[in-house]
Amino acid sequence: MLGSMARSLLKHPDLWSKPSELRRRKSEDVDRNADKHIHTDTTIQRPLPSIKSDVPANKRDVKTLSLLLLLLTFVSAIWISLRSEYIQNGTSQITKSRRSFFFIQMADPQFGVINGYSDNAELAMDWTKEKELFDLALTNAARLEPKFLLLSGDMQQFYPKNEGKKNGVLFDAPSTGMDQASDILVSISDILPSSIPVKFLPGNHDIDDDPNLATLEYYQSIWGDSYYSFWQDEVFFIVLNSQFYYDDSSLTDSSIKSKQTEWFQSQLESIQEDTKVPKNVVVLTHIAPFGGSPDEGHGWGNWKLDDRSKILEMATSFDYWPTLWLCGHFHGNGRYYGAIKANDDNTKSSQKSIEVVISNSVTFPMEWGGVPANETFGSSQISAVMSIMDSGDVFSEYIVPDFSRISGGRSKAGLRIVEFFEDGSYRHKWFSLEEIGEVDAVDDETMIGSIENAASWNTSKNKSKMKGKSKNKK
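Below is a summary of the structure that appears in this document. Computed from a predicted structure; not experimentally measured. Sequence order as written defines the numbering, with residues in each chain counted from 1. Per-residue local features are limited, in this predicted model, to residues with pLDDT of at least 70; the limit for side-chain atom pairs, both in listing and counting, is 80 or more; totals at the level of whole chains, interfaces and linings are taken over all residues. Excluding hydrogens and water, the side-chain values take into account all heavy atoms of the structure.

### Considerations on a nonpolar patch on the surface
Rule in force here: Residues enter patches when they are more than 30% accessible in relative terms and free of salt bridges; like-charged ones are connected within 9 Å and nonpolar ones (Val, Leu, Ile, Met, Phe, Trp, Tyr) within 5 Å. Per-residue accessibility takes into account occlusion by the displayed protein chains alone, with areas from the Shrake-Rupley method and a 1.4 Å probe. The salt bridge criterion pairs a side-chain nitrogen of Lys or Arg with a carboxyl oxygen of Asp or Glu, the two atoms within 4 Å. For the purposes of this entry, the term helix denotes a DSSP run of H or I that reaches at least four residues, the term strand denotes a run of E that reaches at least two, and both are numbered from the N terminus.
A surface patch of nonpolar side chains, amounting to about 300 Å² of accessible area, comprises Leu68, Leu71 and Phe74. Position of phenylalanine 74 relative to the elements: it lies in helix 3 (residues 57-84).

### Quick look at the sheet that holds strand 5 (residues 198-200)
The cut-off we apply is this: Criterion used throughout: strands pair if DSSP finds at least two bridges between them. To get an axis, a line is fitted to the C-alpha atoms, and for a helix only the part in contact is used. The angle between two axes follows their N-to-C directions and goes from 0 to 180 degrees. Contacts are residue-level and defined by heavy atoms, with any inter-residue pair within 4.5 Å sufficient.
What the 6 strands build is an open sheet, ordered 5-4-3-13-14-15; its pairing is mixed. At either end of the open sheet lies a strand with only one pairing partner, and these are strand 5 and strand 15 (451-453). Neighbouring strand axes in the sheet, compared pairwise and without regard to direction, differ in orientation by 20° on average. Alignment of strand 14 (residues 426-432) against strand 15, held across 3 bridges, turns out to be antiparallel. Looking across to strand 15, one finds that tyrosine 426 is bridged to asparagine 453. Lying on the sheet, helix 5 (residues 128-144) is in contact with strand 3 (99-106), strand 4 (149-151) and strand 13 (414-421); it crosses strand 3 at an angle near 170°.

### Some points on the side chain of glutamate 355
To be explicit about the condition: Whenever a nitrogen or oxygen atom comes within 3.5 Å of another N or O atom, the pair is scored as a polar contact, on the condition that within protein one atom can donate a hydrogen and the other can accept it, and that pairs from neighbouring residues in sequence are kept only if both atoms are in side chains.
Position of glutamate 355 among the secondary structure elements: in strand 11 (residues 351-358). A polar atom in the side chain of glutamate 355 sits 2.4 Å from the side chain of arginine 335. A distance of 3.0 Å separates the side chain of glutamate 355 from the side chain of histidine 428, its partner in a polar contact. Setting aside residues no more than four positions away along its own chain, glutamate 355 makes contact with Thr323, Leu324, Trp325, Arg335, Tyr336, Tyr337, Tyr426, His428, Ile451 and Asn453.

### Considering the packing of aromatic side chains
Describing an aromatic ring pair means giving the distance of the ring centres and the angle of the ring planes. Stated precisely, the cut-off is as follows: By convention, a stacked pair of Phe, Tyr or Trp rings (six-membered ring in the case of Trp) has centres within 6.5 Å and planes under 30 degrees apart, an edge-to-face pair has planes over 60 apart, and any other such pair is tilted. The cut-offs for exposure are 20% and 50% of the maximum accessible area for each residue type, with area from a 1.4 Å probe on protein chains only; residues under the lower value are buried, those over the upper are exposed, and the others partly exposed. In our convention, an over-ring charge means Lys NZ or Arg CZ found within 6 Å of a ring centre and within 35 degrees of that ring's normal.
As enumerated under the stated definition, the model contains 22 aromatic pairs in all. Look at phenylalanine 148 and phenylalanine 237: their rings are 5.5 Å apart centre to centre, the planes differ by 85°, and that puts the pair in the edge-to-face class. Of this pair, phenylalanine 148 sits in the loop between helix 5 and strand 4 while phenylalanine 237 sits in strand 7 (residues 235-239), and the two are 89 residues apart along the sequence. For phenylalanine 148, a relative accessible area of 0% gives the class buried. An aromatic cluster is built from Phe101, Phe103, Phe148, Tyr228, Phe230, Phe237, Phe420 and Tyr426, whose rings are joined through pairwise contacts. One cation-aromatic arrangement involves lysine 166 over tyrosine 159; the distance from NZ or CZ to the ring centre is 4.2 Å. Stacked on the ring of phenylalanine 230, the Lys or Arg lysine 199 has its end atom at 4.4 Å from the ring centre.

Dropping the structure here:
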């Protein structure tokens, strides 16, 4: 308790170190109260009969007031300490341990998207607005000093295959994609200190909706591997190339996709041993496996049903499974939290809870159906939008009726802060670029209103029962 109080006092310096003006005013208030008491309480001019003291009563009352103020400060410190010991998880409370680390997610910077569909080639080559917003986001990230920065795909707007009409008037400028990617890298190099590493993952604009060997090689030449894993403190992160599960029709070598799936399984198997069990596991993809329901139809915004089912069942068949899936692509905020069927018997014991979080774009938010950019879609809403197969159809239905739904700007574009604690619990919150500019530090006050969860398998009872045992069989 004393340690928690000390931490609370350090987190809330206003309890012990007020600005000089505030200290002066509080001192004047005490003096005025003391003077008022001395001047009005004229009936008591000597010590009370039951108290032997040479100190006049009026001075003793001032001392009493000081003691009461000190006691009030002490009680306030205890209250803040107790308050900081708990964070809200739906309708239940989970114990919050000391902060471990936080990172920042930026989804879909997509240089070239704002003017990319213009009939004017010169205008379509102008991505100044996207760069201004992205640079602003990077500036705030550099100031807040996260452990790492995650770019969740679609760094560029220009499709690398450059087929058909997808690149519009820029069809005759095949180097456009490389120019857009290069400007992303320049911004990062100019603004973000080298002490903050950047994690990239592929989006459909980076490798095309239906990637092939050429687009995968193109991506790797700029950003690195399209799937990989890494540790941050005691949390294990797995990056997957979601385009393989969206449309693999152009992969002439089917082993490219199967190798990733097998690799994913091996990564999960590797952390089931006693010495390697993480505090939590996070999967990072561009396109989410689903938005509102694991059984929603396949559309422009999610994975094919057969691949989705296979990967989710594989992931949740382990004792230590990914509890958080963090994605982009949708240009809106969405969230699913619930159970995934881990086995065919569909018994209660086979249900594993996961959270799928989808983050809005850092440069080009879309208010699908008029849902504000800073709000989170409900399950039925996001399923309806994601499950439409043709992106042109969904744009016509949910955006075209009111083009202000893609107006963008600092008040709508934004980023997400994801914070982990030593026990594996975490919380996350999306901020507009306008809001993040007002954040001085990532702390309890900043994260008020965040969505918070605990790794449901990370309890001492569960660990002692299941440690080192994997239900997954090859």
